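Chain by chain, the residues run as shown.
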Amino acid sequence: MPNIRKPPTMADVARMAGVSPMTVSRAFKRDTSVSQETREAVLRATEELGYVFDSTASNLRSQRTDFVAVTIPSINNANFADTVRALSDGLSDKGLQVLLGYTNYDVREEERLIEQLLRRKPEAIVVTGGKHTPRARKLLSNAGIPVIETWDLPEEPIGHVVGFSNALAVRKMIDHFVTVGYRKISFIGGDADRDTRGSDRRAGFITAMEDHGLDATRLIAAGPPPISMREGANAMGRLLEHFPDTEAVICVSDLSAFGALTECQRRGIAVPDQIAIGGFGDYEIGAICVPSLTTINAFAAEIGAKTARLILDVLDGTLSDSAGLITIRPDLILRQTSR
């Protein structure tokens, strides 16, 4: 068995810095009674020893944990990554850290994670979407901390909301397609039971098509979320077999739209001359692919930044913890895959 070295202690740091252990503790908490010179001496000793400050005892006394719990459906989705990154950046200046839970688009897994995260007494909890199991709703409602639902506009908000209507965002794409002359428009999406945001986009497609007096039944399921580029390509192949007269297709995400684009290229179908393609999310790949992808920018980083600001305002008392709504307004980004 290898020897495991004993980690340095606060007393070791105090000896090296020539101060008391209490001063070391205060230096880490940026106590105003500790001079800048003393704080720098403590930090130099900490760096040299490789000491990590244990905040557990301090947190127990102050009843603070200094972390915010966050659940997201996917860890490889660039949009959710941008939201978490902006959220984390917005919280870090105040010493708050993000503790992340991954639901894999499963509301039962979300329920389990919410309970597990709440046991650790976070300062606030951020969840993706506004549809939860009844028990998850009860856990969140009784949590006694700020609750923020993101990426959606839930019909019955639990607490604060920072989000947008996925259905109305898709309508922008439909309206654009109809305005430039497309009539036979199809939709590629995922499992409507698991991806609630994708389900809302599908519903938005159906409503907008019906409002325009067009056929709203041209729907292709691409499988369980998250929908990959390969699944988008496979779904495009099925769409071309079932609806060969399709003039335009809206995909539930940019990844599935890129897959659809590559399938058209494999089959020698010119985009947008023979068929137009629209995505959702404004991923980097959509801007650099050829032709570049018409899409919806949902401002993922803005969701994270505004959520962080909301949490800080509630925690420092400048904003009431009564439920509030911050609405994000997605933009239609017109590129080369549509006229």
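Scroll up a little and you will see the structure.
Residues numbered from 1 in each chain as written. Predicted model: local features only at pLDDT ≥ 70, side-chain atom pairs only at ≥ 80, totals over all residues. Heavy atoms only, no water.

### Describing the overall build of the protein chain
Link 1 in the chain: Broken down by element type, the protein chain carries 13 helices and 12 strands.
Link 2 in the chain: For the protein chain, the spread of C-alpha atoms along the principal axes amounts to about 80 × 40 × 40 Å.
Link 3 in the chain: Out of the 339 residues belonging to the protein chain, those deemed buried represent 47%.
Link 4 in the chain: For the protein chain, contacts bridging at least 24 residues in sequence account for 69% of all contacts bridging at least 6.
Link 5 in the chain: Accessible surface, the protein chain: about 16,800 Å² in total, of which carbon and sulfur atoms supply 50%.
Link 6 in the chain: Here the protein chain contributes 39 positively and 43 negatively charged side chains, and the mean placements of these two sets differ by 4 Å. (Helix = DSSP H or I, 4+ residues; strand = E, 2+ residues; numbered from the N terminus. Buried < 20%, exposed > 50% of the residue type's maximum accessible area, 1.4 Å probe, protein only. Contact = heavy atoms within 4.5 Å. Areas by Shrake-Rupley, 256 points an atom, 1.4 Å probe, with all protein chains shown as cover. Lys, Arg positive; Asp, Glu negative; His and termini not counted. Charge placed at Lys NZ, Arg CZ, Asp CG, Glu CD.)

### Digging into the packing of helix α6 (residues 107-118) against helix α7 (residues 134-141)
Link 1 in the chain: α7 packs onto α6 with a crossing angle of 25° between their chain directions and a minimal axis gap of 9 Å. As summarised for this structure, α6 and α7 are arranged roughly parallel, according to the angle between their axes. In this structure, the crossing between α6 and α7 has a hand that is left-handed. On the side of α6, the interface is formed by Glu 111, Ile 114, Glu 115 and Leu 118, while α7 contributes Arg 135, Ala 136, Leu 139 and Leu 140.
Link 2 in the chain: Residue classes in the contact of α6 with α7 are distributed as five nonpolar, no polar and three charged. (Axes fitted to C-alpha atoms, helices over the stretch in contact; angles between N-to-C directions. Parallel < 35°, antiparallel > 145°, perpendicular 65-115°, else oblique. Left-handed = near helix turned anticlockwise from the far one by under 90°. Nonpolar A, V, L, I, M, F, W, Y, C, P; charged D, E, K, R; others polar.)

### Focus on a nonpolar patch on the surface
Link 1 in the chain: Taken together, Ile 75, Leu 100 and Tyr 102 make up a surface patch of nonpolar side chains, about 290 Å² in accessible area.
Link 2 in the chain: Considering the arrangement of structural elements, one finds Tyr 102 in strand β2 (residues 97-102).
Link 3 in the chain: What makes Tyr 102 partly exposed here is its relative accessible area of 37%. (Patch = residues over 30% accessible without salt bridge, like charges linked within 9 Å, V, L, I, M, F, W, Y side chains within 5 Å. Salt bridge = Lys/Arg side-chain N within 4 Å of Asp/Glu carboxyl O.)

### A look at the sheet that holds strand β8 (residues 248-251)
Link 1 in the chain: Here four strands make up an open sheet; going across it, the order is β7-β6-β8-β9 and the pairing parallel. Of all strands in the sheet, those bounded by a partner on one side alone are β7 (219-221) and β9 (276-278). Taking the axes of each pair of neighbouring strands and ignoring which way they run, one obtains an average angle of 20° across the sheet.
Link 2 in the chain: Pairing of strand β6 (residues 185-189) with β7, which is carried by three bridges, proceeds in the parallel orientation. From the neighbouring strand, Gly 189 faces β7, where its bridge partner is Ala 221.
Link 3 in the chain: The strands touched by helix α8 (residues 166-179) within the sheet are β6, β8 and β9, with β8 carrying the most contacts at an inclination of about 170°. (Pairing = 2+ DSSP bridges.)

### Considerations on the packing of aromatic side chains
Link 1 in the chain: Evaluation of the coordinates by the stated rule reveals six aromatic pairs.
Link 2 in the chain: Ring plane angle 65° and centroid distance 5.6 Å describe the contact between Trp 151 and Phe 164, whose orientation is recorded as edge-to-face. With a gap of 13 residues between them, Trp 151 in the loop between β4 (147-150) and β5 (160-163) and Phe 164 in the loop between β5 and α8 connect regions that are remote in the sequence.
Link 3 in the chain: On the numbers, 5.4 Å between centres and 80° between planes, the contact of Phe 177 with Tyr 182 is edge-to-face. Like Tyr 182, Phe 177 is buried.
Link 4 in the chain: In textbook terms, an aromatic cluster arises when at least three aromatic residues are bridged by ring pairs, as seen for Phe 80, Trp 151, Phe 164 and Phe 280. (Phe/Tyr/Trp six-rings, centres within 6.5 Å; stacked < 30°, edge-to-face > 60°.)

### Some words on the side chain of Thr 46
Link 1 in the chain: Topologically, Thr 46 is positioned in helix α3 (residues 36-49).
Link 2 in the chain: You can call Thr 46 buried: its relative accessible area is 11%.
Link 3 in the chain: The residues contacting Thr 46, other than those within four sequence positions of it, are Val 13, Phe 28 and Tyr 51.

### Quick notes on α6
Residue pairs spaced three or four apart in an α-helix point in one direction, given the helix's 3.6 residues per turn.
Link 1 in the chain: Relative to the 16 Å expected for 12 residues at 1.5 Å per residue, α6 spans 16 Å between its end C-alpha atoms, a close match to the ideal helical length.
Link 2 in the chain: Looking only at α6, the buried set comprises Glu 110, Glu 111, Leu 113, Ile 114, Leu 117 and Leu 118.
Link 3 in the chain: Those residues of α6 that are buried are in contact with β1 (67-72), β2, β3 (124-128) and α7.
Link 4 in the chain: The N-capping residue of α6, defined by a side-chain oxygen 2.9 Å from the backbone nitrogen of Arg 108, is Asp 106. (Expected span 1.5 Å × (residues − 1). Polar contact = N/O pair within 3.5 Å; in protein donor to acceptor, adjacent residues only side chain to side chain.)

### Observations concerning unusual backbone geometry
Link 1 in the chain: Residue Pro 272 follows Val 271 across a cis peptide bond; omega there is 10°.
Link 2 in the chain: Mapped onto the elements, Pro 272 comes out in the loop between α11 (254-266) and β9.
Link 3 in the chain: Here the amide bond leading from Val 290 into Pro 291 is cis, since omega sits at -5°, within 30 degrees of zero.
Link 4 in the chain: For Tyr 105, which is not glycine, the phi torsion reads 60° and is therefore positive.
Link 5 in the chain: Along the chain, the position of Tyr 105 falls in the loop between β2 and α6.
Link 6 in the chain: One non-glycine residue, Trp 151, lies in the positive phi region at around 65°.

### A few points about the pairing of β6
Link 1 in the chain: The element β6 is largely enclosed, with a buried count of five among its five residues.
Link 2 in the chain: In β6, alternate side chains face the same way, and those of Ile 185, Phe 187 and Gly 189 on one face and Ser 186 and Ile 188 on the other are all buried.
Link 3 in the chain: With four bridges joining them, β6 and β8 adopt parallel strand pairing. Opposite Ile 185, over in β8, you have Ala 248 as the bridge partner.
Link 4 in the chain: Read as a crossover between parallel neighbours, the route from β6 over helix α9 (residues 196-211) to β7 is right-handed. (Right-handed = clockwise from strand over helix to strand, strands pointing away.)

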